[in-house]
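Remarks on the overall topology
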Amino acid sequence: MPGSPVPVAGLLRALRSRARSLDLAPPAAFLGDWHGRRAVLVPSVDLRPCEPGRLFPDTDRLVVVYRSFPDTVPGSPPPLPEAVRGEASGWLTLDADGRWTRHGDAPDPEQVVRHHGAGRGDDDEATRLPDWAAPDRAAHASAVVDCLEAIRAGEVYQACLSTRLHGTLRADPLETFLAVAGRAPAARSAYLEGGWGAVLGFSPEEYLVRRGDVVRSSPIKGTVPADRDPADLLASAKDVAENIMIVDLVRNDLGRVAEIGSVTVTDLLATRPAPGVHHLVSTVAARTTVDHDALVAATFPPASVTGTPKARARDLINGWEPRSRGLHCGAYGFALGPDLELAVAIRTLEATPDGRVEMGVGGGITIDSDPDAEWDECVHKAAFTWGGGPPPWERR
């Protein structure tokens, strides 16, 4: 039954207040473009650590999940559990016309706001954004150089390399999420919370979108700053090569579980905006009858954040990057019966209960890559978390 046009931020704050007053698990939120809706809010979901290979039980309930990048660096433990999962019997969706619809036993949005208040964030938005320490530029440059040598030696054709930002939250994680989402909306934003910490996701990238037997994946490869002409991406041999190589990898991954002859490239080298940047995006589709866990097992980790060939790229990346990726380059999202929606966990903040926060950011390396340009790309991709302009470690 359609609800009333209650603002997303106010409703999410009210749902958090409701959960706390009723001693329920906290809410989760998916904003941007999820399941054909502008938002999916889960009033309460108990997200607990779980086995990463068993995320999707056979249920008609909404199953909310995240799964971290599987490779770890010794001595560098990730800040959050490897995987979490929770089931919800009710959820709310925001339609294109700005109306809320209740599903299952979800509460009425108007009543939630009336009884628990929409609340309001700190008027000083800057205090709601994270404070970042300077990341290790030298280590990233060294990894790029090592990657270029491996490409010249024929060990890989392309690899994704990341650096890691460490900082502190200066506000409640939900307020940080709402502040960033308000100024830099992303197609696949998400907020997940539990006793283990919080995930503040601002991904622009689809990993897997499934409707019954039909599945698609839309890898992002190729980036320029938002103030550049997006046509520059199509004119860049490096960016086009990055994208096409990953498209072939996605075709291979989906082909492991797809019906023979069903794998197709439905969109090649489209330019799309994202917070602070423009990207090249392609889409690969297929038909499959395997269950969600088998589909994820065949394609995880996402192709766009590994390299080609995938297995060798993962081995090398694990030696080049000094810190474990954690949730960065993993996935988050939800399943609802035969449907599945997962985003690649990029532009994603991992917050611990004591207020520490980490975020991985990186890009694809090809034979044409320059270490300084690759670093600049990392900074451009992260700039939405401090409001743009020079990074905070350069302003101190």
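In short, a report on the structure.

About the criteria used
- Residues numbered from 1 in each chain as written.
- Predicted model: local features only at pLDDT ≥ 70, side-chain atom pairs only at ≥ 80, totals over all residues.
- Heavy atoms only, no water.
- Helix = DSSP H or I, 4+ residues; strand = E, 2+ residues; numbered from the N terminus.
- Rg over C-alpha atoms; globule rule 2.2 N^0.38 Å.
- Buried < 20%, exposed > 50% of the residue type's maximum accessible area, 1.4 Å probe, protein only.
- Areas by Shrake-Rupley, 256 points an atom, 1.4 Å probe, with all protein chains shown as cover.
- Lys, Arg positive; Asp, Glu negative; His and termini not counted.
- Charge placed at Lys NZ, Arg CZ, Asp CG, Glu CD.
- Phe/Tyr/Trp six-rings, centres within 6.5 Å; stacked < 30°, edge-to-face > 60°.
- Lys NZ or Arg CZ within 6 Å of the ring centre and 35° of its normal.
- Contact = heavy atoms within 4.5 Å.
- Patch = residues over 30% accessible without salt bridge, like charges linked within 9 Å, V, L, I, M, F, W, Y side chains within 5 Å.
- Salt bridge = Lys/Arg side-chain N within 4 Å of Asp/Glu carboxyl O.
- Polar contact = N/O pair within 3.5 Å; in protein donor to acceptor, adjacent residues only side chain to side chain.
- Axes fitted to C-alpha atoms, helices over the stretch in contact; angles between N-to-C directions.
- Parallel < 35°, antiparallel > 145°, perpendicular 65-115°, else oblique.
- Left-handed = near helix turned anticlockwise from the far one by under 90°.

For the protein, the helix and strand inventory stands at ten helices and 21 strands. In terms of C-alpha radius of gyration, the protein reaches 20 Å, essentially the compact-globule figure of 21 Å for 396 residues. Seen through its principal axes, the protein has C-alpha atoms that stretch 65 × 55 × 40 Å. Relative to its 396 residues, the protein shows a buried fraction of 58%. Within the structure as shown, the protein displays about 15600 Å² of accessible surface, and the carbon and sulfur contribution to it stands at 49%. Both charge centroids of the protein, one from 42 positive and one from 54 negative side chains, sit 3 Å from each other.

By the definition in use, this model includes ten aromatic pairs. Here Phe 177 and Tyr 191 contribute two aromatic rings whose centre-to-centre distance is 5.5 Å and whose plane-to-plane angle is 45 degrees, an arrangement assigned as tilted. Within this pair, whereas Phe 177 is found in helix 4 (residues 173-183), its partner Tyr 191 is found in strand 10 (residues 188-194), the two being separated by 14 residues in sequence. Here the aromatic rings of Phe 177 and Phe 202 are separated by 5.4 Å at their centres, their planes lie at 25 degrees, and the arrangement is stacked. One end of the pair, Phe 177, is in helix 4; the other, Phe 202, is in strand 11 (residues 197-203), and 25 residues separate them in sequence. Of the residues examined, Phe 177 reaches a relative accessible area of 0% and is grouped as buried. Relative accessible area serves as the criterion here: at 2%, Phe 202 is assigned to the buried category. Members of the aromatic cluster, each reached through a chain of ring pairs, are Phe 30, Trp 34, Tyr 332 and Phe 334. Cation over ring: Arg 188 sits above Trp 34, and NZ or CZ is 4.6 Å from the ring centre. Just above the ring of Phe 69 sits the side chain of Arg 325; from NZ or CZ to the centre is 4.6 Å.

Locating Cys 329 in the fold gives a position in the loop between helix 8 (310-320) and strand 18 (331-336). A relative accessible area of 0% means that Cys 329 is categorised as buried. In this view, Cys 329 contacts Phe 69, Ser 162, Pro 301, Pro 302, Val 305 and Ala 345; residues no more than four positions away in its chain are not counted.

The subject of this paragraph is the environment of Pro 309. Among the structural elements, Pro 309 can be located in the loop between strand 17 (307-308) and helix 8. For Pro 309, a relative accessible area of 38% puts it in the partly exposed group. The spacing of Pro 309 and Tyr 157 is 152 residues in sequence and 7.1 Å in space, taken between C-alpha atoms. Every residue in contact with Pro 309, bar those within four places of it in the chain, is listed here: Glu 155, Val 156 and Tyr 157.

Quick look at a nonpolar patch on the surface now. A grouping of Ile 244, Val 265 and Leu 268 is seen on the molecular surface, where their side chains present a nonpolar patch of about 220 Å² in accessible area. Residue placement: Val 265 occurs in strand 15 (residues 264-274). According to the relative accessible area criterion, Val 265 is partly exposed, its value standing at 35%.

Among the residues of helix 2 (residues 109-116), the N-terminal cap falls to Asp 108, whose side-chain oxygen and the backbone nitrogen of Glu 110 are separated by 3.1 Å. Gly 117 sits one or two residues past helix 2 and shows a positive phi near 75 degrees.

Here the focus is the packing of helix 3 (residues 137-152) against helix 9 (residues 371-382). When two helices pack together, their arrangement is given by the angle between the helix axes and by the axis-to-axis distance. Where helix 3 contacts helix 9, the two axes come as close as 9 Å, and the packing angle between them is 125 degrees. Viewed along their axes, helix 3 and helix 9 adopt a mutual orientation that is oblique. Regarding helix 3 and helix 9, the two cross each other, and that crossing is right-handed. Mapping the contact onto sequence places Arg 137, His 140, Ala 141, Val 144 and Val 145 in helix 3 and Pro 371, Asp 372, Glu 374, Trp 375 and Cys 378 in helix 9.

What follows covers the pattern of salt bridges. Per the stated rule, a full pass over the model turns up 27 salt bridges. Residue Asp 95 pairs with Arg 37 through a salt bridge whose shortest N-O separation is 3.0 Å. Taken together, the positions of Asp 95 in the loop between strand 6 (90-94) and strand 7 (100-104) and Arg 37 in strand 2 (residues 37-42) put the pair 58 residues apart, joining distant regions of the chain. Take Arg 37: its relative accessible area is 33%, and that puts it in the partly exposed class. Across the pair Arg 356 and Asp 354 runs a salt bridge, and its minimum N-O distance is 3.1 Å. Looking at Arg 356, the relative accessible area reads 41%, which means it is partly exposed. Accessibility expressed as a relative area gives 57% for Asp 354, which makes it exposed. One salt-bridge network, held together by shared partners, links Arg 188, Glu 206, Arg 211, Arg 216 and Glu 341.

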